[in-house]
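# Chain and residue survey
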Amino acid sequence: MDCSDTRRLIDASLDGELDLPAQLALEAHTAACAACREAYARRRALVRRVRVGGESFAMPDALRRRLLDSLPQGEPSPNPVPAPVRRWPWGKAWSWPWAWLTGGLSLASAALAVALTLVVIMPGRDAALERDLVDAHLRSLMADHLTDVPSSDRHTVKPWFNGRIDLSPPVPDLAEQGFPLAGGRLDYVDGRPVAVLVYRRARHVINLFVWPEPADPADAPRFRGAQGYNVLHWTGPGLALWAVSDLNRGELEDFQRLWSQASRSS
Ligand SMILES: [Zn+2]
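Okay, so let's go over this structure. The residue count restarts for each chain, going from 1 along the sequence in the order it is written. In keeping with the model being predicted, local features are shown solely for residues with a pLDDT of at least 70 and side-chain atom pairs are shown and tallied solely at 80 or more, while totals for entire chains, interfaces and linings include all residues. Side-chain metrics in this entry use all non-hydrogen atoms of the structure; hydrogen atoms and water are not considered.

### Here we look at the coordination of the zinc ion
Distances up to 2.8 Å from the metal define which N, O and S atoms are donors, and 3.2 Å serves for Na, K and Ca; water is absent from the atom set, so sites may look incomplete. For the zinc ion, the full set of protein donor atoms is C3 (SG), H29 (NE2), C33 (SG) and C36 (SG), at a range of 2.1 to 2.4 Å. Classification of the site at the zinc ion rests on its four donor atoms, whose angles at the metal span 101 to 113°, yielding the label tetrahedral. Positions of the donor residues of the zinc ion along the chain correspond to the pattern C-x25-H-x3-C-x2-C. As far as burial versus exposure is concerned, C33 and C36 are alike and both buried. Square planar and octahedral assignments, for four and six donors respectively, both demand that opposite donors be over 155 degrees apart and that all other angles lie between 65 and 115; tetrahedral needs four donors with all angles between 85 and 135 degrees, and anything else is irregular. For every residue, the accessible area (1.4 Å probe, protein chains only) is compared with the maximum for its type, and the residue is labelled buried under 20%, exposed over 50%, or partly exposed between those bounds.

### Here we look at the packing of helix α1 (residues 3–14) against helix α2 (residues 20–32)
The axes are straight lines fitted to the C-alpha atoms, using for helices just the contacting stretch, and the angles between their N-to-C directions are given from 0 to 180°. Going along the chain from the N terminus, every DSSP run of H or I of four or more residues is numbered as a helix, and every run of E of two or more is numbered as a strand. With their axes 10 Å apart at the nearest point, α1 and α2 run at an angle of 125° to one another. In terms of orientation, α1 and α2 fall into the oblique class. You can see that α1 and α2 cross each other, and the crossing is left-handed. For the pair formed by α1 and α2, the contact residues are C3, T6, L9, I10 and S13 on the first element and Q23, L26, H29 and T30 on the second. The nonpolar class holds Ala, Val, Leu, Ile, Met, Phe, Trp, Tyr, Cys and Pro. Asp, Glu, Lys and Arg form the charged class, and all remaining residues, Gly among them, are polar. For the contact of α1 with α2, the per-class residue count stands at four nonpolar, five polar and no charged. What sets the label is the angle itself: under 35 degrees gives roughly parallel, over 145 gives roughly antiparallel, 65 to 115 gives roughly perpendicular, and the rest give oblique. By convention, the crossing between two helices is left-handed when the near helix turns anticlockwise from the far helix through less than a right angle, and right-handed when the turn is clockwise. Contacts between residues were defined by any pair of non-hydrogen atoms, one from each residue, lying within 4.5 Å.

Here it is, written out as structure tokens:
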């Protein structure tokens, strides 16, 4: 088995897809060939870091290529000339390229770990936030604490937040469009107080959580289901907005569109 055969088999081996003779041949080659051993180790480290806690997140191919390219290559020429062996005072063999490679690798793998952590943690953080929001939604329904200021009048609800929270959320009136305002309250989500606007749609409740957050205007609304509830996230000028409801997706998206249009003029 030569180097290019080996490289082709590395992924299959890490996926547990090689039969025993092929696996043994791969191991025999990597035991003897430093370049392939290194390639195998890099690939294994990459796979291990992407599979965290039993969950896999697909890394975009372009990112994987960039990360792998950023690692030192350390590929010896096809017929490397053996370097003269130097020795430590206690007799152990010492070699320049290996010491250099190890140092370079640990820097590069630190960078790789940071990049992969970002890729892996971000979905987790959003999922935790969504759970928090759905929990707050459920609390508001079960503890009979839907509103601190029960009112369908936006001129009552909007000023109620003054002095209670560092935010004056837009409070559009959507009664004519079938989403009457039921009031507002303060809640506690993701470790901070947030404003909540409560709207109704027939017998359904929509909790709209609002907090200040620098917004990326390119952010499109994102729909998620969590614990049997529908969660819709979007951003306004300097605001993060999360609507949680048992309302169906279509009507929740109607609500989002109407709320965003009306909030620009309220
Ligand atoms: Zn090789």
